[in-house]
Amino acid sequence: MPVIVEPVQGSVSADDDNCLPGWKNMDSHNWFHVMDKIDGGSDCFAAFCLYRPLGDQDSDSDGKCMTKYTVDISYERNAFDPTDGREFVETVLKTYQDTIAWCAPLEIKFDVIRQKEYIATSTKNVMSRDDDQRDDHCVISGTELILTSSCFCPEAGSNISVKVTRVAFQPATEKSFNVSLVNNKKGIEGETLYDANEDIGIDLNEGSRFKLSCLLRPEIVKNYSSELRQTKRLSCSLGSLSLVFAPRPVALPHCASVHPGLDYYSRYHGPLPIKGLPPIKRMSPTISIEMTQFDASYETIPSVPTVASPFEVRYAIRNKSHLHQRLRISMLESEGTKSGMLVSGTINGTLVLGPGEEKCVCYTILITKVGETELPTLNVYSLRYNEYIIHNCTRSIFVVP
């Protein structure tokens, strides 16, 4: 709940979870001295600093709430007795009530972008999931995906804005899975996505958004895989995003008389420019990590074929299980491949793989026209697991003269 606080001198650690370092809680029932004297026609500014902790950041709540407050103002003024004209001092007590609307300083929207809908995994995957079985938040263990985050200030239109100075991502790690944060340029792991000087940062004003993307690789722990024989998948969060921010203050009019005890913060109204606020943390979306018993990869030799010259297309399939596997292979003509192409290889047949064994399904193809050409559709089906390893895999190549 909100509390009244005041700054203290020196570096003081907060002794209360509802207070910040360098600040202390105040008794809301105490009277505060504002000014000794105020002349007629002038005004003064009485400041009360309120602080509300962020609360449970793992929930989906937007943090909005209302706080009712009451302010009692007591002052003495000179008055005259109308009966005898004698001057005397009387005490006046005024009571004011109002409401404060609290809002979250930042909101974060996540999106998960898969590189491709795969059934089996390897460095060069060719297996795509059937559209009827597609799950927007399902990925294969060991494949990479892109997590995008869009940060914005929900109340920027009300002259409330913030400055973001640091963004970090903490990948999730459990006994059953782990998530690696990948730098796709150097292939290294890291956590900090954005870091800037406090005087620079990113200002989130009305209509502005701060978008970041990171490359993640979720994997199921090998020793845990035996527990997934029935479901072959588990649900988890990719991790948490942490943002360090500072509010953008609203200055008081220059003509306002202020409380001298507030020092640095005496000229600001609304969100105060306090450093060292707790970062905002948000959990990423929950996804399903799926296991597979096969790896498959695709290769064309040469990579850019020549018209009227035979070339090879190879599909390498590896059995990752400890069981013998029997696979069914079928190749269908794609639209546009019925003319101008000759294909030699297994059109319909079976393939047997021993435990840990890898085999290549090779096709020799000759194309008689220049330009982009769609290769025949390949399907590879596991008779043991009753699922596709390669399903409706259609690829296009460019044939040069």
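Residues numbered from 1 in each chain as written. Predicted model: local features only at pLDDT ≥ 70, side-chain atom pairs only at ≥ 80, totals over all residues. Heavy atoms only, no water.

## Examining the overall build of the protein chain
Broken down by element type, the protein chain carries zero helices and 29 strands. Per-residue burial for the protein chain yields a buried fraction of 36% across its 401 residues. Partitioning the contacts of the protein chain with sequence separation of at least 6, the portion at a separation of at least 24 is 71%. Working note: accessible area of the protein chain is about 23800 Å², and carbon and sulfur atoms make up 47% of it. (Helix = DSSP H or I, 4+ residues; strand = E, 2+ residues; numbered from the N terminus. Buried < 20%, exposed > 50% of the residue type's maximum accessible area, 1.4 Å probe, protein only. Contact = heavy atoms within 4.5 Å. Areas by Shrake-Rupley, 256 points an atom, 1.4 Å probe, with all protein chains shown as cover.)

## Structural notes on the pattern of salt bridges
The full count for this structure, using the stated rule, is eight salt bridges. For the salt bridge of D203 with K163, the shortest nitrogen-to-oxygen distance reads 3.0 Å. Highlighted residues: D203 in strand β12 (residues 202-204) and K163 in strand β9 (residues 161-171), separated in sequence by 40 residues. With its nearest N and O atoms 3.9 Å apart, the salt bridge here joins K359 to E357. The exposure class of K359 is partly exposed, given its relative accessible area of 28%. For E357, a relative accessible area of 30% corresponds to the partly exposed category. One network of salt bridges, in which partners are shared, links K163, D203 and R248. (Salt bridge = Lys/Arg side-chain N within 4 Å of Asp/Glu carboxyl O.)

## A closer look at a nonpolar patch on the surface
Side chains of I73, Y75 and Y96 sit close together on the surface and give an oily, nonpolar patch of about 280 Å² of accessible area. Inspection of the secondary structure assignment puts Y96 in strand β5 (residues 87-102). Judged by its relative accessible area of 46%, Y96 falls in the partly exposed class. (Patch = residues over 30% accessible without salt bridge, like charges linked within 9 Å, V, L, I, M, F, W, Y side chains within 5 Å.)

## Things to note about the sheet that holds strand β23 (residues 341-345)
Read across the open sheet, the four strands follow the order β20-β21-β25-β23; overall the sheet is antiparallel. Every interior strand has two partners, whereas the edge strands, β20 (294-301) and β23, have only one. Across the sheet, the mean angle from the axis of one strand to that of its neighbour is 20°, orientation sign disregarded. Relative to strand β25 (residues 358-367), β23 runs antiparallel, the two being bridged by five bridges. Bridged to V343 within β25 is I365. (Pairing = 2+ DSSP bridges. Axes fitted to C-alpha atoms, helices over the stretch in contact; angles between N-to-C directions.)

## Considering the sheet that holds strand β2 (residues 23-25)
Two orientations exist for strands paired in a sheet by backbone hydrogen bonds: parallel and antiparallel. A sheet is described by the order of its strands in space; here three strands give the open sequence β2-β1-β3, paired in antiparallel fashion. Two strands bound the open sheet, and with one partner strand each, they are β2 and β3 (49-51). Across the sheet, the axes of successive neighbouring strands diverge by a mean angle of 50°, strand direction being ignored. Sheet topology places strand β1 (residues 3-7) next to β3; three bridges connect them, and they run antiparallel. The residue bridging V3 from the neighbouring strand is Y51, located in β3.

## So, the confidence of the model for the protein chain
In the predicted model, the protein chain carries a mean pLDDT of 77, and the fraction of residues at 70 or more is 79%. This model gives residues 116-136 a pLDDT under 50, and the stretch forms 64 contacts once residues within four places in sequence are excluded. Segment residues 184-190 is flagged for pLDDT under 50; beyond a separation of four residues in sequence, or across chains, it makes seven contacts in the model. (pLDDT = per-residue confidence, 0-100.)

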